[in-house]
Amino acid sequence: PPPTQLAFFCAQYGVFGETIKQDARYTKAWKHIDNQESLEGLHALGEAQLAGEKFDKALGTYQKAIRIAPEDQRRACEHKLHEAQGQMTSERNKKRRKKERLPGVIAVLVLGVMLAGWAYLVAKQETHKLLASSACQRIDVQLGFAVYDLSNPEVESPFPTDLDKRMNTPSIFLNLTSPSALYYPYFNGIYTSDWDNIKDERPVYVENNYVTAGMFSYCKEEMVWVFTIGEFNDRKRRGACGQWLLRSAPTEEFLLEKVPSSEWTVWTGSAQPISVDIKCADCRKFADKESGCNFNGECNEEDGTCKCNEFDRTGEAWFGELCQAPPPCNPVDVFVHGETSEDYRQVAHFMPLETGGKRVVIDQRPVYWNKQNSNATNQNFLLYTGSRWYQTDWNLMDLCGPDPSVACGKPQFANFFDNNFHAYWSDTRINSTKYVSMETSSFTPVGLNWLTLGQNRAQGDFGSFGYTFDEDVSAHCFKNDCKTPGLCGYNGECVDDTRYNLASPIRSRCKCNNGSSGYFCQFGPNHPYVTNQIVTSDPCNEFSCDYLYEQDQGLGANCSSRCTKIKDFKACWNSKAECKFDPGDALA
């Protein structure tokens, strides 16, 4: 037979099995499953309906019980109806209060989540502050001697062709369609930690504020530190860390200065091993603040920079971020010696560029200008490019802009190199560079070995600079201290240079005796470089006029006019007078 109403209800609300054992009202209703129309059965059904929170049905059941109840039992039935109504009201009030409390509970939970998030952020900020307090604000980075040849026809230009027209870039003379080789040392120098730019829980270290800047950041996907250049994209996949150019070995170090210098990898079209030298340049991080500035300056507690002391009563301070080097020469004379004294010629007299009474520096080293007519189309400079010193020409328009009505001279040259220059983006090597030093970290260009870049710029298989040769180029300090022991050797004496200004000489020089010659009288009379000088095809050459003529070494009166002319060419180099021409060109 079909199930009764009570059986259906019990099945619908799960009063079989374990559920019946858990609630006596279901059990009682089950006993009246075949007697549900009796008063006792209706009461049992009503109680089961109340247990299932079917209040409206329970009230209907109790009202039905009142209708069939005998007179003497009607009051008891009405009492059960009132109890059911009270239970219904009570349960509904409870639910209403729960609903009313729910937004508050949610608000508390939300607040808790927010507080937890805030606490997490505070903890992160405190962690960052703790790391920042222990970190070097600046680091001195040497990227190693590697070159990425972008002239390879298989390598598409990695730079946007409109990069030179974008905001916040240095002066870009690089051919963006067919760029020069990426010479990694051009990106050597001081990098600053940026704690407002956190990536993968670590600071970013930046070369400068340009969009083209070199940058170190952490890549958690491979657990490595990587070096990238803004806007660089050669479209060659090399792992999860994108367009890296240098990559450390896997590490969990939070600070770049803690990463070992060895076991880096450089990208040159393929991955190659390389060492990257990273040193702290923050004087606060040394054992004591005085040693942080090499005992030659005072450490600024706010930013970790050094205020360098004056060097040996010269009027100039020690050089370098940490006051580690004496002031470089000021000015510098440059000569090509060649194979014999017949090849000798002075090619430049470099004076330091200054702004605000201080030297203009690139990578902590001074920039020099070859003294000549400042309106000449090409100007010649001596500067450091990360690992080498370059002697290079620059077009006047590049230095000052195309407007001829705008003033253009030493102040503008200084501004260009102080604010707009970058060794790579300004395409220094290609910009008519004549001479490059051997790789060096020297703060001064004197005392170095130099190479001459071939005039034809034949690349061949000669390496990153193409064909080079040794012309025995030398750079010497124009001003020397006569108190320096052995300055002029056994056959020379240090004297005031009165050759160009008898009344007020601006420097001292080595005056050679007994047939010796050279800037410091370094050549003896029988040295192969000057042997048979008098019987040479050109006895009145520049070398003879500079060092032998005043010794009356048999040159005779025939050299008088020639030597006077050479002396006149060099006059503006050896005095405070302005140059109306380029003495180097005149002497060539």
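Residues numbered from 1 in each chain as written. Predicted model: local features only at pLDDT ≥ 70, side-chain atom pairs only at ≥ 80, totals over all residues. Heavy atoms only, no water.

Novice: What exactly am I supposed to notice about the overall build of the protein chain here?
Specialist: Scanning the protein chain from N- to C-terminus turns up 12 helices and 28 strands. The buried share among the 588 residues of the protein chain stands at 47%. Long-range contacts, defined as pairs at least 24 residues apart, comprise 53% of the intrachain contacts of the protein chain with a sequence gap of at least 6. Accessible area of the protein chain: about 30,500 Å², with a carbon and sulfur share of 51%. (Helix = DSSP H or I, 4+ residues; strand = E, 2+ residues; numbered from the N terminus. Buried < 20%, exposed > 50% of the residue type's maximum accessible area, 1.4 Å probe, protein only. Contact = heavy atoms within 4.5 Å. Areas by Shrake-Rupley, 256 points an atom, 1.4 Å probe, with all protein chains shown as cover.)

Novice: Is there a simple way to think about the side chain of Ser217 in this case?
Specialist: Along the chain, Ser217 falls in strand β6 (residues 214–219). A relative accessible area of 4% places Ser217 in the buried class.

Novice: Is there a simple way to think about the state of the cysteines in this case?
Specialist: Here, the word disulfide means a covalent bond between the sulfur atoms of two cysteines. This structure, assessed with the given rule, holds 13 disulfides. Disulfide partner of Cys545: Cys563, at an S-S distance of 2.0 Å. Taking the sign of the S-S torsion, about -75 degrees here, the bridge from Cys545 to Cys563 comes out left-handed. Here Cys545, found in helix α10 (residues 542–548), pairs with Cys563, found in helix α11 (residues 560–569); they are 18 residues apart in sequence, far enough to count as distant. Exposure class is identical for Cys545 and Cys563. Each is buried. (Disulfide = S-S within 2.5 Å.)

Novice: Please clarify how the environment of Gly41 should be interpreted in this entry.
Specialist: By secondary structure assignment, the location of Gly41 is in helix α4 (residues 39–51). On the accessibility criterion, Gly41 (0% relative accessible area) is buried. Taking the C-alpha atoms as reference points, Gly41 and Thr61, 20 residues apart in sequence, are found 10.0 Å from one another.

Novice: Looking at this model, I keep getting lost on the environment of Tyr467. Mind explaining?
Specialist: By the element assignment, Tyr467 lies in the loop between β24 (450–453) and β25 (468–469). We classify Tyr467 as partly exposed; its relative accessible area is 39%. Through-space distance from the C-alpha of Tyr467 to that of Arg457 is 6.6 Å; in sequence the pair is 10 residues apart. Those residues in contact with Tyr467 that sit more than four places away from it in its chain are Thr452, Leu453, Gly454, Ala458 and Phe462.

Novice: Honestly, the packing of α4 against helix α5 (residues 55–68) in this entry has me stumped. Any pointers?
Specialist: The angle between the axes and the distance between the axes are what describe a pair of packed helices. With their axes 8 Å apart at the nearest point, α4 and α5 run at an angle of 165 degrees to one another. Taken together, the axis directions place α4 and α5 in an arrangement best described as roughly antiparallel. As for how α4 packs across α5, the hand of that crossing is left-handed. For the pair α4 and α5, the contacting residues are Leu39, Leu42, His43, Leu45, Gly46, Glu47, Gln49 and Leu50 in the first and Phe55, Lys57, Ala58, Thr61, Tyr62, Lys64, Ala65 and Ile68 in the second. Residues of the contact of α4 with α5, tallied by class, amount to 9 nonpolar, 4 polar and 3 charged. (Axes fitted to C-alpha atoms, helices over the stretch in contact; angles between N-to-C directions. Parallel < 35°, antiparallel > 145°, perpendicular 65-115°, else oblique. Left-handed = near helix turned anticlockwise from the far one by under 90°. Nonpolar A, V, L, I, M, F, W, Y, C, P; charged D, E, K, R; others polar.)

Novice: Help me out: how do you make sense of the nonpolar core in this one?
Specialist: Nonpolar side chains in soluble globular proteins tend to end up buried together. Leu182, Tyr184, Phe187, Trp264 and Phe417 are the most contacted members of the largest nonpolar core, which totals 70 residues. Excluding residues that lie within four positions of it along the chain, Phe187 makes contacts with Leu143, Leu182, Glu207, Thr212, Gly214, Phe227, Ile229, His422, Tyr424 and Trp425. If you look at the next biggest cluster of nonpolar residues, it comprises 18 residues, including Val334, Ala348, Trp389 and Val446. (Core = buried A, V, L, I, M, F, W, Y, C linked by side-chain atoms within 4.5 Å.)

Novice: How should I be thinking about the packing of aromatic side chains in this particular structure?
Specialist: The description of two aromatic rings rests on the distance between their centres and on the angle between their planes. Tallied over the entire structure, the rule returns 42 aromatic pairs. Here the basic side chain of Arg365 rests over the ring of Tyr384, its NZ or CZ set 4.2 Å away from the ring centre. (Phe/Tyr/Trp six-rings, centres within 6.5 Å; stacked < 30°, edge-to-face > 60°. Lys NZ or Arg CZ within 6 Å of the ring centre and 35° of its normal.)

Novice: Please explain α4 as it appears in this structure.
Specialist: Side chains that are three or four residues apart share a direction in an α-helix, a result of its 3.6 residues per turn. Look at α4: 18 Å from first C-alpha to last across 13 residues, which is about the 18 Å you get at 1.5 Å a residue. In terms of burial, α4 is a largely internal element, 12 of the 13 residues being buried. Burial in α4 covers these residues: Leu39, Gly41, Leu42, His43, Ala44, Leu45, Gly46, Glu47, Ala48, Gln49, Leu50 and Ala51. At the C-terminal side of α4, Glu53 shows a positive phi close to 60 degrees. (Expected span 1.5 Å × (residues − 1).)

Novice: In this structure, what is going on with the sheet that holds strand β8 (residues 246–247)? I would like to understand it.
Specialist: Within a sheet, neighbouring strands are paired by backbone hydrogen bonds and run either parallel or antiparallel to one another. Overall, antiparallel pairing links the 9 strands, which are arranged β10-β9-β8-β7-β6-β5-β4-β1-β11 in an open sheet. Of all the strands in the sheet, the pair left with one neighbour each is β10 (271–274) and β11 (277–280). (Pairing = 2+ DSSP bridges.)

Novice: Looking at this structure, I do not really get the sheet that holds strand β14 (residues 332–336). What am I missing?
Specialist: What the 9 strands build is an open sheet, ordered β25-β24-β23-β22-β21-β20-β15-β14-β26; its pairing is antiparallel. In this open sheet, the two edge strands, each paired with only one partner strand, are β25 and β26 (473–477). Here strand β15 (residues 345–352) pairs with strand β20 (residues 368–370) via 3 bridges, running antiparallel. The partner of Phe350 across the bridge, within β20, is Asn370.

Novice: Sorry if this is basic, but what is going on with the pairing of β26 here?
Specialist: Looking down a regular strand, the side chains alternate between one sheet face and the other. Taken across its 5 residues, β26 has 5 buried, putting it largely inside the fold. Burial along β26 is two-sided: the residues Val473, Ala475 and Cys477 and Ser474 and His476 are all buried. When β14 meets β26, the two strands line up antiparallel, connected through 5 bridges. By the bridge assignment for β26, Asp333 is matched with His476.

Novice: What is the right way to read unusual backbone geometry from this model?
Specialist: Glycine aside, residues mostly have negative phi angles, and peptide bonds mostly take the trans form. Following Asn330, the chain continues into Pro331 via a peptide bond in cis, with omega recorded as -10 degrees. Looking at the element boundaries, Pro331 is found in the loop between β13 (306–308) and β14. Of note in this structure, Asp312 is not a glycine but carries a positive phi near 50 degrees. Positive phi, normally seen in glycine, also occurs at Asp363, with a value near 55 degrees. In this structure, Asp363 sits in the loop between β18 (361–362) and β19 (365–366).

Novice: Before we go on, may I ask you to explain the environment of Phe311 in this structure?
Specialist: One can find Phe311 in the loop between β13 and β14. Counting along the chain gives 16 residues from Phe311 to Pro327, while the straight-line C-alpha distance between them is 7.3 Å.

Novice: So what exactly am I meant to see when it comes to the pairing of β11 here?
Specialist: Residues of β11 alternate between two faces, with Ile278 and Cys280 buried on one and Asp277 and Lys279 left unburied on the opposite face. Both strand β1 (residues 138–142) and β11 contribute to a ladder of 4 bridges, which runs antiparallel. Following the sheet pairing, Asp140 is matched in β11 by Lys279.

Novice: Would you explain the confidence of the model for the protein chain in this entry?
Specialist: Close inspection of predicted coordinates is inappropriate in any region flagged by low pLDDT. Per-residue confidence for the protein chain gives a mean pLDDT of 84; residues scoring 70 or more make up 86%. Every residue in residues 15–22 is under pLDDT 50, and counting partners more than four places away or in other chains gives 11 contacts. (pLDDT = per-residue confidence, 0-100.)

Novice: Can you help me understand the side chain of Asp546 in this one?
Specialist: Note that Asp546 resides in helix α10. Exposure remark for Asp546: the relative accessible area of 10% places this residue in the buried category. In terms of polar contacts, Asp546 uses its side chain to reach the side chain of Tyr344, at 2.9 Å. A distance of 2.5 Å separates polar atoms of two side chains, one belonging to Asp546 and the other to Lys570. Ignoring sequence-local partners within four residues, the contact set of Asp546 consists of Tyr344, Arg499, Ile566 and Lys570. (Polar contact = N/O pair within 3.5 Å; in protein donor to acceptor, adjacent residues only side chain to side chain.)

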